[in-house]
Amino acid sequence: MKNKNFLLDNIIPTAICHFITFVTAMVIIPMLAKGVPDIIWLSLRITAVVGIAVMFAAKYPSVNIALYFFMSVVQDIIALVFMPQISRIYGISQTPLGEFEYIGRVFVWITGIVILQMIVIAVIQYRRKK
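Below or above, wherever it landed, is the structure these notes cover. Please read these numbers as outputs of a predicted model, since none were measured by experiment.

What counts, and at which threshold
Residues numbered from 1 in each chain as written. Predicted model: local features only at pLDDT ≥ 70, side-chain atom pairs only at ≥ 80, totals over all residues. Heavy atoms only, no water. Buried < 20%, exposed > 50% of the residue type's maximum accessible area, 1.4 Å probe, protein only. Helix = DSSP H or I, 4+ residues; strand = E, 2+ residues; numbered from the N terminus. Arc of directions from axis to C-beta. Salt bridge = Lys/Arg side-chain N within 4 Å of Asp/Glu carboxyl O. Contact = heavy atoms within 4.5 Å. Phe/Tyr/Trp six-rings, centres within 6.5 Å; stacked < 30°, edge-to-face > 60°. Axes fitted to C-alpha atoms, helices over the stretch in contact; angles between N-to-C directions. Parallel < 35°, antiparallel > 145°, perpendicular 65-115°, else oblique. Nonpolar A, V, L, I, M, F, W, Y, C, P; charged D, E, K, R; others polar.

**A closer look at helix α5 (residues 83-90)**
Link 1 in the chain: Taken together, the buried positions of α5 are occupied by Met83, Ile86, Ser87, Ile89 and Tyr90. Axial view of α5: buried residues confined to an arc of 155 degrees, hence all on one face.
Link 2 in the chain: Just past α5, the residue Gly91 takes up positive phi, approximately 70 degrees.

Put into structure tokens, the structure is as follows:
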């Protein structure tokens with residue numbers, strides 16, 4: 001019974017949060033912000049990621065930060081599976097050299113998103129305990 005609660009209370013919500021984060025920051029905002037100056041749509045992506053983290057921390061206050069980090073593999077898997085589609089959104093060629101650019105743009109950004117969200121969640125959890 002305890003494992004079921006851990007799955008329902010921690011793993012599934014964390015995976016859903018990563019999925020929502022990926023779709024919002026990596027797909028929806030870049031598609032909607034075509035032609036907008038970079039500073040605006042990048043700021044919007046960061047703001048959206050922070051907002052998602054705040055909502056997640058409010059809804060699931062007891063999620064472990066380490067679990068959140070390790071579940072970021074959800075975003076990595078989505079990025080790998082949908083590489084051709086996401087490459088088109090970002091205008092990255094699908095050549096072997098384009099794969100390096102994809103890794104630089106997408107996977108580095110995912111890592112930054114996860115670290116930023118971890119910091120936000122940790123701060124919220126710390127303030128809640130205080």
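**Let's talk about the pattern of salt bridges**
Link 1 in the chain: All told, the structure shown has one salt bridge when counted by the stated rule.
Link 2 in the chain: A salt bridge links Glu101 to Arg105, with the shortest nitrogen-to-oxygen separation between them at 3.3 Å. Of this pair, Glu101 and Arg105 both sit in helix α6 (residues 96-129), four residues apart, which is roughly one turn of the helix.
Link 3 in the chain: A residue is classified by how much of its surface remains accessible, and Glu101, at 34% relative accessible area, is partly exposed.

**Observations regarding the environment of Gln75**
Link 1 in the chain: With respect to the secondary-structure elements, Gln75 resides in helix α4 (residues 73-81).
Link 2 in the chain: Accessibility expressed as a relative area gives 0% for Gln75, which makes it buried.
Link 3 in the chain: Along the backbone, Gln75 and Ser93 are 18 residues apart, and their C-alpha atoms lie at a distance of 21 Å.
Link 4 in the chain: The residues touching Gln75, leaving out its near neighbours within four places in the chain, are His18, Thr21, Phe22, Ile110, Ile113 and Val114.

**Thoughts on the packing of aromatic side chains**
Link 1 in the chain: Within the structure shown, the criterion is met by four aromatic pairs.
Link 2 in the chain: Centroid distance Phe56 to Tyr68: 5.5 Å. Interplanar angle 45 degrees. Geometry classified as tilted. Of this pair, Phe56 sits in helix α2 (residues 38-59) while Tyr68 sits in helix α3 (residues 65-70), placing them twelve residues apart in sequence.
Link 3 in the chain: Residue Tyr68 is classed as buried on the basis of its relative accessible area, which comes to 1%.

**Quick notes on the environment of Ser87**
Link 1 in the chain: In this fold, Ser87 is placed in helix α5.
Link 2 in the chain: Remark: the alpha-carbon pair of Ser87 and Glu101, spanning 14 residues in sequence, is separated by 9.4 Å.
Link 3 in the chain: Excluding residues that lie within four positions of it along the chain, Ser87 makes contacts with Ile92, Gln94 and Tyr102.

**Digging into the packing of α4 against α5**
Link 1 in the chain: Two elements in contact, α4 and α5, have axes whose closest approach is 5 Å; the angle formed by their N-to-C orientations is 85 degrees. Judged on the interaxial angle alone, α5 and α4 are roughly perpendicular. In this structure, α4 uses Ile78, Ala79, Leu80 and Val81 to contact α5, whose residues at the interface are Met83, Pro84, Gln85 and Ile86.
Link 2 in the chain: Grouping the amino acids of the contact of α4 with α5 by side-chain chemistry returns seven nonpolar, one polar and no charged.

Limitation: the analysis is restricted to geometry and does not speak to function.
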